[in-house]
Number of protein chains: 2
Amino acid sequence: MSVSEPAALPIPIADLAEARARLTRRRGFEEPDLSPRMRAGVRRVFGADLTAIEVVDRIVGNVRDEGDAAVLRYAAAFDHAEAPLEVPRESWRVALARLPSDLRSAMTVAAERIEAFHRKQLRTSWLEWDADGALGQLVRPLERVGIYTPGGAAVYPSSLLMTVIPARVAGVGEIIVCSPPGPDGEISPLILAAAEIAGVSRMFRIGGAQAIAAMAYGTESVPHVDKIYGPGNIFVVLAKRRVYGQVAIDQLPGPTETLLIADEHANPVLVAADLLAQAEHDPMASSILLTTSGVLADAVLAQIPEQLKNLERADIIAQSLAANGVIAIVPDVATAIDLANDYAPEHLCLLVRDPWAAMPLVRHAGGVFVGEDSPEALADYVTGPSHVMPTGGAARFFSPINIGDFTKVISIAAANRAALRRLAPAAIALAHAEGLSAHAAALERRVRPERGDET
Amino acid sequence: MSVSEPAALPIPIADLAEARARLTRRRGFEEPDLSPRMRAGVRRVFGADLTAIEVVDRIVGNVRDEGDAAVLRYAAAFDHAEAPLEVPRESWRVALARLPSDLRSAMTVAAERIEAFHRKQLRTSWLEWDADGALGQLVRPLERVGIYTPGGAAVYPSSLLMTVIPARVAGVGEIIVCSPPGPDGEISPLILAAAEIAGVSRMFRIGGAQAIAAMAYGTESVPHVDKIYGPGNIFVVLAKRRVYGQVAIDQLPGPTETLLIADEHANPVLVAADLLAQAEHDPMASSILLTTSGVLADAVLAQIPEQLKNLERADIIAQSLAANGVIAIVPDVATAIDLANDYAPEHLCLLVRDPWAAMPLVRHAGGVFVGEDSPEALADYVTGPSHVMPTGGAARFFSPINIGDFTKVISIAAANRAALRRLAPAAIALAHAEGLSAHAAALERRVRPERGDET
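Residues numbered from 1 in each chain as written. Chains lettered and ligands numbered in written order. Predicted model: local features only at pLDDT ≥ 70, side-chain atom pairs only at ≥ 80, totals over all residues. Heavy atoms only, no water.

Brief notes about the overall build of chain A
- Of the regular secondary structure elements, chain A holds 18 helices and 14 strands.
- Taken along its principal axes, the extent of the C-alpha atoms in chain A is 95 × 60 × 45 Å.
- Counting all 455 residues of chain A, 60% fall into the buried class.
- For chain A, the share of sequence-separated contacts (at least 6 apart) that also reach a separation of at least 24 residues comes to 73%.
- Element-wise, carbon and sulfur atoms account for 53% of the exposed surface of chain A, whose accessible area totals about 16400 Å².
- Averaging the positions of the 42 positive and the 55 negative side-chain charges in chain A gives two centres separated by 7 Å. (Helix = DSSP H or I, 4+ residues; strand = E, 2+ residues; numbered from the N terminus. Buried < 20%, exposed > 50% of the residue type's maximum accessible area, 1.4 Å probe, protein only. Contact = heavy atoms within 4.5 Å. Areas by Shrake-Rupley, 256 points an atom, 1.4 Å probe, with all protein chains shown as cover. Lys, Arg positive; Asp, Glu negative; His and termini not counted. Charge placed at Lys NZ, Arg CZ, Asp CG, Glu CD.)

Set out below in structure tokens:
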């Protein structure tokens, strides 16, 4: 790491109101400005200084209207990629076979754990009969889903496992993956190997908004899907929002965040290590520590520079801590949970003496990681729950990826004659009040046939 | 009704390929052009010919930045409304008390049925312990939701019941409703009465994109919500999509559709009545009949002009049938279900001898209405399932409103020491492969403390 000035570490906040204000500053999905590099790319490809939304509108519209021709045009312009768009299954098998055996085994372990956890979530169709007939819900998997996997310098095969395997467990018929190729025109072998292990159906070397549009509308090469998942750059994320309605989408991802609650019993070495692990994701990642112990806070702060010396991504970590790191001293664990609920973190870690007593108080978080032996870093890879979790406060209204993301319900209504006779008057009255006389007539013909023209 | 030329009725399609092609024409959420009246309104308020998306972007941005001041400005411009924005609870009670008793009783019956059906769907948190520790999911309701209810000439109090009651059953903390006032500056007493019965928390007389923006971001008067539901005009729908990410939203609604499957045992009088009931919603509504019996098809077609004579909305019905009506003869019920799956109708009605034999074949629909005694018209008001169902083919990926729309899950990961020791090597290998060395370090400190700097 650089030997410039030491990392600007968070100064512990002792005032509760200040801590709450700091944690409840508006977050949420914000459309960032384009970086200079992106702006240059936009000028080059479109010949004008379009905003990100304008770029996405144009790409999505063109792919929808022109199919593969537009996809190839954008692929050539942005990714220096060419036809064919599809990556043959054989190359995934080869990638898996060539993977170092420790990695292949690691991916297999992860896959088994993710699958086992998601099998526990499977819902069944149900039907209840009573004196009025039957009511229920059919549960059906989505038919075809599309998953976007970013490319670039750092790829995350674990993210592919964490999205594809729940889809497969849910019974989704076909799982499509799009990923931009690297400079060699190929998708990373780590991604291909993960695809083979996870059970992907088809894979295409397409990136950006054009990938999202291709999956939403379908092209000659790419089948259209029912729902699109996965993180990506600003164009990918805006394209997802743009096609919502044509398809369903999952969440609009933002920078990752962890809120760790620790009491005096926690090990400051591990608390520091967990905060640094979170911060290494991204200069905009958030690492937050709420503790009942000023002594622990000081010990953690002393640990950070020591541990930073040994970490490759020390610069990113330092930026993250300076921008979004928070340490606050709180009177008790219940208060910490209350603050955590206000913040609605993606990851909530409990390093306290009695975490299960706190659990009923938890209202908003993506995942809760309980105890020293169950750190977020373990769950990011192998514990079982999907690591794709809601960011930016979206834990108030979104869930981590789970079986429900890949299934839907169909309502069943099978009222019998007795129910019809008893309930029709109420329905008729409401239909008339709403000016829907043909609705009323459809019911009157059934219960008062002399009022209709029934022969 | 007018005595102009008779309604253009669908001509039965006997060719299966033609039927499939007709049913699989692209639907889905389309942004319609603005009507002349809307364009005039846009010019008046904005002084320019903005597109719907531009109008929405501007309104949403201004409400976000200026709060109530912007809301009042738009309310005055579009709805001729003024402060105060909130409708006091007392006026809802008065509206309910003044409701004709048959309507009050009808709404109460509907409310009870909707509540009972949704109580059956409640999910519970779960936790499973095994040799590796514990894994599970917490189930939590959303804290605050916002529901938009259109105003205008025709109001639908039933829609309010069908959205608010599932929210209340789910345990949502606060249910906000926004609705544009009528020319008298007030919200329809039918809506107020329904709000009182359903259990709404607060109500605001605001419409349009400004209502959506106010609920998404919060203003001085309107609390911000976590998720927004409800149909509306093009500005409302585009505003919902615009704020997605800041809040969650439900579906983007489109014209309603019903696909009815009937065999030779069905009563053509009732089949016709059900098709006409569907068509009266909207000139763009779709009424589709798939039948195994040419005789039934002919009898239904003969019924339609007869029944139309007695219906207020005959013009709308005629337009709908001409634009989107379909009748097709199919060889058997299984083929009909297959076509229905391709179409993915909002409503699927089964008027066949053995509907339960067909049920396992159903893959995509909002709701299935089984048998002559359980028509869609009954379920639109009182059978129990919410009548807010996915349109435009969205039944491929969305569900009708159900408890899941108002709840979320939080993953629980509580691995124990044995699991940590066994699984950490796999996680460490993956972390290194992904370039996340601080993740690896957080694990290594726990399993190989001599590798860290732990004191």
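Concerning the interface of chain A and chain B
- Contacts between the two partners involve 127 residues from chain A and, on the opposite side, 127 residues from chain B.
- Linking chain A with chain B are 14 salt bridges, by the criterion used here.
- Ionic pairing is found between K120 of chain B and E128 of chain A, a salt bridge with its closest N-O pair at 3.0 Å.
- Examining the composition of the side of chain A that touches chain B, we find that 11 residues originate from one element, helix α17 (residues 417–433) of chain A, more than from any other. (Salt bridge = Lys/Arg side-chain N within 4 Å of Asp/Glu carboxyl O.)

Structural notes on the pairing of strand β9 (residues 257–262) of chain A
Residues and elements named next belong to chain A.
- The element β9 is largely enclosed, with a buried count of 6 among its 6 residues.
- A two-sided burial pattern is seen for β9, the buried positions comprising E257, L259 and I261 on one face and T258, L260 and A262 on the other.
- For β9 and strand β10 (residues 286–291), the ladder comprises 6 bridges, and the chain directions are parallel. Looking at the pairing, T258 lines up with S287 of β10.
- Each parallel crossover has a hand, and the one from β9 via helix α11 (residues 268–279) to β10 is right-handed.
- Direction of pairing for β9 relative to strand β12 (residues 347–351): parallel, over a ladder of 5 bridges. Of the residues in β12, the one forming a bridge with L260 is C349. (Pairing = 2+ DSSP bridges. Right-handed = clockwise from strand over helix to strand, strands pointing away.)

Details of the packing of aromatic side chains
- In total, this model carries 17 aromatic pairs over all chains according to the counting rule given.
- Pairing Y74 of chain A with F78 of chain A gives two aromatic rings, centres 6.4 Å apart and planes at 20°, and the pair type is stacked. Taken together, the residues Y74 of chain A and F78 of chain A, both in helix α4 (residues 68–79) and 4 residues apart, mark about one turn of the helix.
- Among the aromatic residues, ring-to-ring pairing joins Y244, F397 and F398 of chain A together with Y244, F397 and F398 of chain B into one connected group.
- Positioned above the aromatic ring of Y74 of chain A is the side chain of R73 of chain A, whose terminal nitrogen or guanidinium carbon lies 5.7 Å from the ring centre. (Phe/Tyr/Trp six-rings, centres within 6.5 Å; stacked < 30°, edge-to-face > 60°. Lys NZ or Arg CZ within 6 Å of the ring centre and 35° of its normal.)

Section: the environment of I410 of chain B
- Note on placement: I410 of chain B falls in strand β14 (residues 407–415).
- Put simply, I410 of chain B and A426 of chain B are 16 residues apart on the chain and 24 Å apart in space, counted from C-alpha to C-alpha.
- The contact partners of I410 of chain B, leaving out residues within four places of it in the chain, are V362, R363, H364, A365, G366, G367 and V368 of chain A together with G136, Q137, L138 and R140 of chain B.

Structural notes on the pairing of β12 of chain A
Residues and elements named next belong to chain A.
- Extensive coverage of β12 is indicated by the burial of 5 of its 5 residues.
- On β12, burial covers both faces: H347, C349 and L351 on one face and L348 and L350 on the other are all buried.
- With 4 bridges connecting them, β12 and strand β13 (residues 367–370) associate as parallel partners. Its bridge partner being in β13, L350 is matched across the sheet by V370.

Overview of the relation of the copies chain A and chain B
- At an RMSD of 0.0 Å, chain A and chain B line up after a rotation of 180° and a shift of 0.0 Å along the axis. Such a combination of turn and shift is consistent with a two-fold rotation axis. When C-alpha distances to the rotation axis are compared across chain A, the minimum falls at R241 of chain A, with a value of 3.6 Å.
- The residues that chain A uses at the interface reappear at the interface of chain B in 100% of cases, marking a shared surface. (Least-squares fit on C-alpha atoms with pLDDT ≥ 70 in both.)

Things to note about the sheet that holds strand β11 (residues 326–329) of chain B
- The sheet built from 8 strands is open, its strands ordered β2(A)-β3(A)-β14(A)-β13(B)-β12(B)-β9(B)-β10(B)-β11(B) with mixed pairing. The open sheet terminates on both sides in strands that have one partner only, identified here as β2 (126–130) of chain A together with β11 of chain B. If you compare each strand with its neighbour and ignore which way they point, the axes differ by 15° on average.
- Strand direction decides the pairing type here: β2 of chain A and strand β3 (residues 133–141) of chain A, joined by 5 bridges, are antiparallel. Directly across from W129 of chain A, in β3 of chain A, lies its bridge partner A134 of chain A.
- Helix α13 (residues 314–324) of chain B contacts β10 (286–291) and β11 of chain B of the sheet and is inclined by roughly 60° relative to β10 of chain B. (Axes fitted to C-alpha atoms, helices over the stretch in contact; angles between N-to-C directions.)

Describing the packing of helix α9 (residues 208–217) of chain A against helix α10 (residues 234–242) of chain A
Residue and element names in this part refer to chain A.
- At a closest axis distance of 7 Å, the pairing of α9 and α10 adopts a crossing angle of 25°. As far as their axial angle goes, α10 and α9 are roughly parallel. In this structure, α9 crosses over α10, and the sense of that crossing is right-handed. Touching G208, A209 and I212 of α9 are F235, V236, A239 and K240, all from α10.
- The class makeup of the residues in the contact of α9 with α10 is 5 nonpolar, 1 polar and 1 charged. (Parallel < 35°, antiparallel > 145°, perpendicular 65-115°, else oblique. Left-handed = near helix turned anticlockwise from the far one by under 90°. Nonpolar A, V, L, I, M, F, W, Y, C, P; charged D, E, K, R; others polar.)

Considerations on a nonpolar patch on the surface
- Together, W356 of chain A together with L127 and W129 of chain B make up a nonpolar patch on the protein surface, roughly 310 Å² of accessible area in all.
- With respect to the helices and strands, W129 of chain B occurs in strand β2 (residues 126–130). (Patch = residues over 30% accessible without salt bridge, like charges linked within 9 Å, V, L, I, M, F, W, Y side chains within 5 Å.)

Describing helix α8 (residues 189–198) of chain A
- Most of α8 of chain A sits out of view: 9 of its 10 residues are buried.
- All of the buried residues along α8 of chain A are L190, I191, L192, A193, A194, A195, E196, I197 and A198 of chain A.
- Here the buried face of α8 of chain A lies against β1 (86–87), α5 (89–98), α6 (101–119), α7 (157–170) and β6 (202–204) of chain A together with α17 (417–433) of chain B.
- You can read the cap of α8 of chain A off the contacts: a side-chain oxygen lies 3.0 Å from the backbone nitrogen of L190 of chain A, and it is on S188 of chain A. (Polar contact = N/O pair within 3.5 Å; in protein donor to acceptor, adjacent residues only side chain to side chain.)

Here we look at the domain arrangement of chain A
All names here are of chain A.
- One can read the domain layout of chain A as domain 1 (6–28 + 256–384), domain 2 (30–253 + 385–413) and domain 3 (416–453).
- For domain 1 versus domain 2, the distance between C-alpha centres works out to 30 Å.
- Across the boundary between the two partners, domain 1 contributes 22 residues, which contact 21 residues of domain 2.
- When domain 1 packs against domain 2, the two sides together hide about 1700 Å² of surface, and 52% of this comes from carbon and sulfur. (Domains from an automatic or database assignment. Buried area = accessible area lost by both parts, 1.4 Å probe.)

Notes on unusual backbone geometry
Residues and elements named next belong to chain A.
- Of note, the bond from A83 into P84 is cis; its omega dihedral lies within 30 degrees of zero at 0°.
- In this structure, P84 sits in the loop between α4 and β1.
- Although it is not a glycine, A344 sits at a positive phi angle of roughly 55°.
- You can see A344 is positioned in the loop between α14 (333–343) and β12.
- We classify A344 as buried; its relative accessible area is 1%.

Notes on the pattern of salt bridges
- For the coordinates displayed, the defined rule picks out 50 salt bridges over all chains.
- A single network of salt bridges, built from pairs that share partners, joins R89, E90, R93 and E196 of chain A.

Describing the sheet that holds strand β1 (residues 86–87) of chain B
Residue and element names in this part refer to chain B.
- Pairing in this open sheet of 6 strands is mixed, and the strands run β1-β6-β5-β4-β7-β8 from one edge to the other. Edge strands, defined here as strands with exactly one partner in the open sheet, are β1 and β8 (248–249).
- Taken together, the 2 bridges between strand β7 (residues 227–229) and β8 define a ladder with parallel strand orientation. Considered in β8, the bridge of I228 is made with I249.
- The sheet contacts of helix α7 (residues 157–170) involve β4 (144–148), β5 (174–178) and β7, and relative to β5 the element is tilted by about 160°.

Some details on the side chain of S399 of chain B
- If you trace the backbone, S399 of chain B turns up in the loop between α16 (376–379) and β14.
- A polar contact of 2.9 Å, which involves the side chain of S399 of chain B, links it to the backbone nitrogen of V409 of chain A.

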